[in-house]
Every structure is written in C-alpha cells, then in structure tokens.
Amino acid sequence: MRQASQSEARKKDTREKIQLGGLIAKAGLRYEKRALLLGLLIDGASRIRTDQDERARLMAIGMKAFADEPD
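Rules and cut-offs
- Residues numbered from 1 in each chain as written.
- Predicted model: local features only at pLDDT ≥ 70, side-chain atom pairs only at ≥ 80, totals over all residues.
- Heavy atoms only, no water.
- Helix = DSSP H or I, 4+ residues; strand = E, 2+ residues; numbered from the N terminus.
- Axes fitted to C-alpha atoms, helices over the stretch in contact; angles between N-to-C directions.
- Parallel < 35°, antiparallel > 145°, perpendicular 65-115°, else oblique.
- Contact = heavy atoms within 4.5 Å.
- Expected span 1.5 Å × (residues − 1).
- Polar contact = N/O pair within 3.5 Å; in protein donor to acceptor, adjacent residues only side chain to side chain.

K.L.:
For this particular structure, what's the right way to read the environment of Ser 5?
P.N.:
Looking at where Ser 5 falls in the secondary structure, it is placed in helix H1 (residues 2-26). When the C-alpha atoms of Ser 5 and Met 59 are compared, they prove to be 34 Å apart, with 54 residues separating the residues in sequence.

Here is the structure:
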C-alpha cells in the first residue's frame with residue numbers, strides 16, 4: 001500500500017514538472033539558460049509578493065496567453 005502511494009506521488013510530481021516545463025516553452029523561453037530562467041522566476045516571485053498591481057498585470061498577460069491557445 002505504501003509503495004502504491006509513493007508511486008502515485010512520484011507520478012503527480014512528474015506531471016507537475018512537465019506542465020511547468022510546458023509553461024517555459026509557451027513563454028518562448030525554451031532555449032534560454034537555466035540561470036536566466038531561475039533569475040526571472042525569483043525576481044517575478046519577489047515582485048508579485050510585494051506589488052498587487054504587478055501581480056494583476058502579469059495574471060492578465062498569462063490569462064490572455066491561455067485564452068489565445070488554439071483548441
């Protein structure tokens with residue numbers, strides 16, 4: 001039973017990582033250096049924690065990108 005739950009947790013973790021990688025590709029950043037990507041994410045995380053207007057602005061950009069996806 002414990003093995004099954006660990007296996008499910010690993011599958012869930014793997015799926016999440018694949019989805020996050022897809023976001024990097026969708027943003028057009030697939031070929032950027034990992035250090036740059038991490039820097040962007042750290043900077044963005046800091047800004048959205050302290051600036052609700054910036055959080056809303058970035059959310060709108062992301063929502064538009066998802067809405068523009070072909071079905």
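Picking up after the structure, the text goes on.
K.L.:
Teacher, can you tell me more about the packing of helix H2 (residues 34-50) against helix H3 (residues 52-67) here?
P.N.:
Each pair of packed helices can be described by the angle between their axes along with the distance between the axes. Where H2 contacts H3, the two axes come as close as 5 Å, and the packing angle between them is 120 degrees. Accordingly, the angle class assigned to the pair H2 and H3 is oblique. The segment H2 lies against H3, with Arg 47, Ile 48 and Thr 50 engaging Gln 52, Glu 54, Arg 55 and Leu 58.

K.L.:
How do you make sense of H3 when you look at a structure like this?
P.N.:
Because each turn of an α-helix spans 3.6 residues, side chains separated by three or four positions end up pointing in the same direction. In this model H3 runs 22 Å from its N-terminal to its C-terminal C-alpha over 16 residues, within 8% of the 22 Å that 1.5 Å per residue would give. Its side-chain oxygen placed 3.0 Å from the backbone nitrogen of Asp 53, Asp 51 serves as the N-cap of H3.

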